Amino acid sequence: MKLQPRDVTAYARSPDPKAAGCLIFGDDAMRVALRRQELLKNLLGENAEQDMRLTRLDAADLRSDPAALLDAVKAVGFFPGPRAVHVEAATEGLAPVIAAALADWQPGDAQIVVTAGRLTAASALRKLFEGHKTARAAAIYDEPPGRAEIEGLLAEAGLRDIPRDPMGDLEALARALPPGDFRQTVEKLGLYKRGDPSPVSAADIAAVAPLTIEAALDDAINATAEAAQGQIGPILARLSGQGVAPVTLCIGALRHFRALHAATCHPGGPAAGLQAQRPPVFGPRRDRMLKQAQAWGRDRLETAISLLVETDLTLRSAQAAPQMALMERTMIRLAMMPARGRR
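About the thresholds
Residues numbered from 1 in each chain as written. Predicted model: local features only at pLDDT ≥ 70, side-chain atom pairs only at ≥ 80, totals over all residues. Heavy atoms only, no water. Helix = DSSP H or I, 4+ residues; strand = E, 2+ residues; numbered from the N terminus. Rg over C-alpha atoms; globule rule 2.2 N^0.38 Å. Buried < 20%, exposed > 50% of the residue type's maximum accessible area, 1.4 Å probe, protein only. Contact = heavy atoms within 4.5 Å. Lys, Arg positive; Asp, Glu negative; His and termini not counted. Charge placed at Lys NZ, Arg CZ, Asp CG, Glu CD. Salt bridge = Lys/Arg side-chain N within 4 Å of Asp/Glu carboxyl O. Arc of directions from axis to C-beta. Core = buried A, V, L, I, M, F, W, Y, C linked by side-chain atoms within 4.5 Å.

## Focus on the overall build of the protein
Broken down by element type, the protein carries 16 helices and six strands. Taking 2.2 N^0.38 as the reference for a compact globule, 343 residues should give roughly 20 Å; the C-alpha atoms of the protein span a radius of gyration of 27 Å, well beyond that estimate. Considering only C-alpha atoms, the protein reaches an extent of 85 × 50 × 35 Å along its principal axes. With 343 residues in all, the protein has 45% of them scored as buried. Of the contacts formed within the protein by residues at least 6 apart in sequence, a portion of 75% connects residues at least 24 apart. Considering the protein, the positive charge centre built from 42 side chains and the negative charge centre built from 40 side chains are found 6 Å apart.

Right, dumping it as structure tokens:
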């Protein structure tokens, strides 16, 4: 039986206990593994490993001992409860072995859960599960989780009734992060909000979302973007003492100013431009960058980017000037630009 893409999530959350098994396949090994993990958890419960109700067979081991699959399917468990056999990284060569196990499968036997990489429509493994009366075949595509799946992850983390704007931030984060990282972020958000009855906010998401720029670099870059010339020298001295290279600082500043420039060029304005950033910008950091973009304007940001590119090339060349001093001069020049533009 072939599962349609829209039905895969629902089936993984509520698998059929009377099914012979399920084939889960796709290009992204992480997405396949997460879906398999979810299906086995909901099928067997939390303590399947400890109760010895889950048997794992590697494809390589199964090639050398084909009878191991049927033996595991028919084995009688010591503890009560549903059982499953997981065959990992299956290939076309195992289709006859899995076909024999499915042919002998009877109600009460362990379910056969098989994971595989990309399989074409002509694949013998796919045809085997799609043509079976009770077994399922689930294709996992490289698509970000939809709203329903995000809400399911939030519910598992104990979070419900998310306001519209924070939910939009979570959807943007789901498009930007690998599935495993996004799941971990939602779990962190649930822990972060435990005992806090207030609704989830953009600031809460920003507090647990993976950082794209080191916090220490942020201090120097924000001082530059906000025309705080007096703060630049002490911050750079601290960064230099921590071993941060001037080229690293220049790259971080260039990334930041390019993000501001992209925001000012967005047809919907800087706020919409920041919302469309990949990875997305959240909470207080988004508000701060919005003020910076509005203060600089597109033309001055283009000048700033040109100056940073020139500095980056100089830092990478064979020049005798102290590199951190050169970077400090550039950042002070940048910090003075918005003030000159207001005259």
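Next comes the rest of the description.
## Here's the deal with the pattern of salt bridges
Inspection of every chain in the model, using the stated rule, returns 19 salt bridges. Across the pair glutamate 38 and arginine 35 runs a salt bridge whose closest N-O atoms are separated by 2.7 Å. Separated by three residues within a single helix, glutamate 38 and arginine 35 lie in helix H2 (residues 29-44), roughly one turn from each other. When sorted by exposure, glutamate 38 lands in the same class as arginine 35, which is buried. In this structure, aspartate 196 engages lysine 193 in a salt bridge whose closest nitrogen and oxygen atoms are separated by 2.8 Å. Judged by its relative accessible area of 34%, aspartate 196 falls in the partly exposed class. Each of Arg13, Arg35, Glu38 and Glu149 takes part in salt bridges that share partners, so that together they form one network.

## Side note on helix H5 (residues 95-104)
Side chains of residues three or four places apart in an α-helix project in the same direction, reflecting 3.6 residues per turn. Within the span of H5, buried status applies to Ala95, Val97, Ile98, Ala101 and Leu102. End-on, the buried residues of H5 take up no more than an arc of 165 degrees, which puts them together on one face. Among the exposed residues of H5, those pointing more than 90 degrees away from its buried face are Pro96 and Ala103.

## A closer look at unusual backbone geometry
Most peptide bonds adopt trans geometry, and most residues besides glycine take a negative phi value. The phi dihedral of methionine 52 is positive, around 60 degrees, even though this residue is not glycine. In this structure, methionine 52 sits in the loop between H2 and strand E3 (54-58). Of note, the phi angle at aspartate 161 is positive, near 55 degrees, even though the residue is not glycine.

## Let's talk about the nonpolar core
Soluble, globular proteins show a tendency: their nonpolar side chains are buried together. Ranked by size, the top nonpolar core spans 37 residues in total, and within it Leu236, Leu249, Phe257, Trp296 and Leu308 carry the most contacts. Elements with a contribution of two residues or more to this core: helix H11 (215-225), helix H12 (229-241), helix H13 (246-265), helix H15 (283-315) and helix H16 (323-342). In this view, phenylalanine 257 contacts Thr224, Ala225, Trp296, Leu301, Ala304, Ile305 and Leu308; residues no more than four positions away in its chain are not counted. Core analysis: the second largest hydrophobic core is formed by 30 residues, Leu62, Ala72, Val73 and Leu125 among them.

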